[in-house]
Amino acid sequence: MSDGREAGAGAPSGDEAEGETAALVALVDELSRTLDRGDLVELEVEVGGTGIVLRKPAAFAPATAAAVAAPGVAAAGGQATETAPAQAEAPTIKAPLTGIFYTAPAPGSAPYVTVGSQVAVGQVIGLIEAMKLFNEIKSDLAGRVVRIVAEGGTLVKARQPLIEVEAL
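Source: prediction; values computed, not measured.

Undergrad: Help me out: how do you make sense of the packing of aromatic side chains in this one?
TA: Given two aromatic rings, one states the distance between the centres and the angle between the planes to describe the pair. A full pass over the atoms with the stated rule returns one aromatic pair. Ring centres of Y102 and F134 lie 5.8 Å apart, and the angle between their planes is 45°; this geometry places the pair in the tilted category. Here Y102, found in strand 4 (residues 99-102), pairs with F134, found in strand 7 (residues 133-138); they are 32 residues apart in sequence, far enough to count as distant. Look at Y102 and you get buried, because its relative accessible area is 17%.

Right under this line is the structure:
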């Protein structure tokens, strides 16, 4: 599906652009596999004016995770302390494929969803461009948009959170 976006001046043509996109997607997937196999928590790569940062979920864990892991440990005064349970992560709508994420149907158009808006299951929340095809991304959750995680016009990886939703 195409939404009428056209290549800018100086952009690679046809097969060349498709090959570059395929190479970029393959590189992102390979970097992700490298990150998953290693002890690194974050991997940042920058080439020319393009950069990408890949992080394991552990990079987002709060510093208090160690305190939660040992509830009821005696405090310095000798009394046992109760620790609050870790706050559950908000449910997220995740990218079904790797590609460039767009929050609106066309440049200058209103976004599909905004923070505070309601979403229903099956509602289009954005587009992902992969291999010159624009794929509608539909919500698999219903609720209120709490945060738009992925920035429009950026590369997202499959299973990466796009939007946080609060159930109603």
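Undergrad: Where do I start with the sheet that holds strand 6 (residues 124-130) in this structure?
TA: Through backbone hydrogen bonds, the strands of a sheet pair up, either in parallel or in antiparallel fashion. Reading across from one edge, 7-6-4-9 is the order of the four strands in this open sheet, with antiparallel pairing throughout. Taken across any chain shown, the strands that pair with only one partner, and hence form the sheet edges, are strand 7 and strand 9 (154-156). On average, each strand axis in the sheet is tilted by 40° relative to the strand beside it, whichever way the strands run. Of the strand pairs in this sheet, strand 4 and strand 9 are connected by three bridges, and their pairing is antiparallel.

Undergrad: Could you clarify how one ought to interpret the pattern of salt bridges in this entry?
TA: Close approach of charged atoms allows side chains of opposite charge to pair. According to the stated counting rule, one finds two salt bridges in the structure shown. The closest approach of N and O atoms between R144 and E166, which form a salt bridge, is 2.8 Å. Of the two residues, R144 is situated in strand 8 (residues 143-148) and E166 in strand 10 (residues 161-166); the sequence distance between them amounts to 22 residues. Between E164 and R147 there is a salt bridge, with the nearest N and O atoms lying 2.9 Å from each other. With a gap of 17 residues between them, E164 in strand 10 and R147 in strand 8 connect regions that are remote in the sequence. With relative accessibility at 42%, the residue R147 sits in the partly exposed group.

Undergrad: Is there a simple way to explain unusual backbone geometry in this structure?
TA: With the exception of glycine, most residues fall at negative phi, and the peptide bonds are largely trans. Even without being glycine, M131 reaches a positive phi, approximately 55°. Within the secondary structure layout, M131 lies in the loop between strand 6 and strand 7. Taking the relative accessible area as the measure of exposure, M131 reaches 37% and is therefore partly exposed. For K132, which is not a glycine, the phi torsion comes out positive at approximately 65°. Tracing the chain through its elements places K132 in the loop between strand 6 and strand 7. Residue K132 is classed as partly exposed on the basis of its relative accessible area, which comes to 41%.

The rules behind these values
Residues numbered from 1 in each chain as written. Predicted model: local features only at pLDDT ≥ 70, side-chain atom pairs only at ≥ 80, totals over all residues. Heavy atoms only, no water. Phe/Tyr/Trp six-rings, centres within 6.5 Å; stacked < 30°, edge-to-face > 60°. Helix = DSSP H or I, 4+ residues; strand = E, 2+ residues; numbered from the N terminus. Buried < 20%, exposed > 50% of the residue type's maximum accessible area, 1.4 Å probe, protein only. Pairing = 2+ DSSP bridges. Axes fitted to C-alpha atoms, helices over the stretch in contact; angles between N-to-C directions. Salt bridge = Lys/Arg side-chain N within 4 Å of Asp/Glu carboxyl O.

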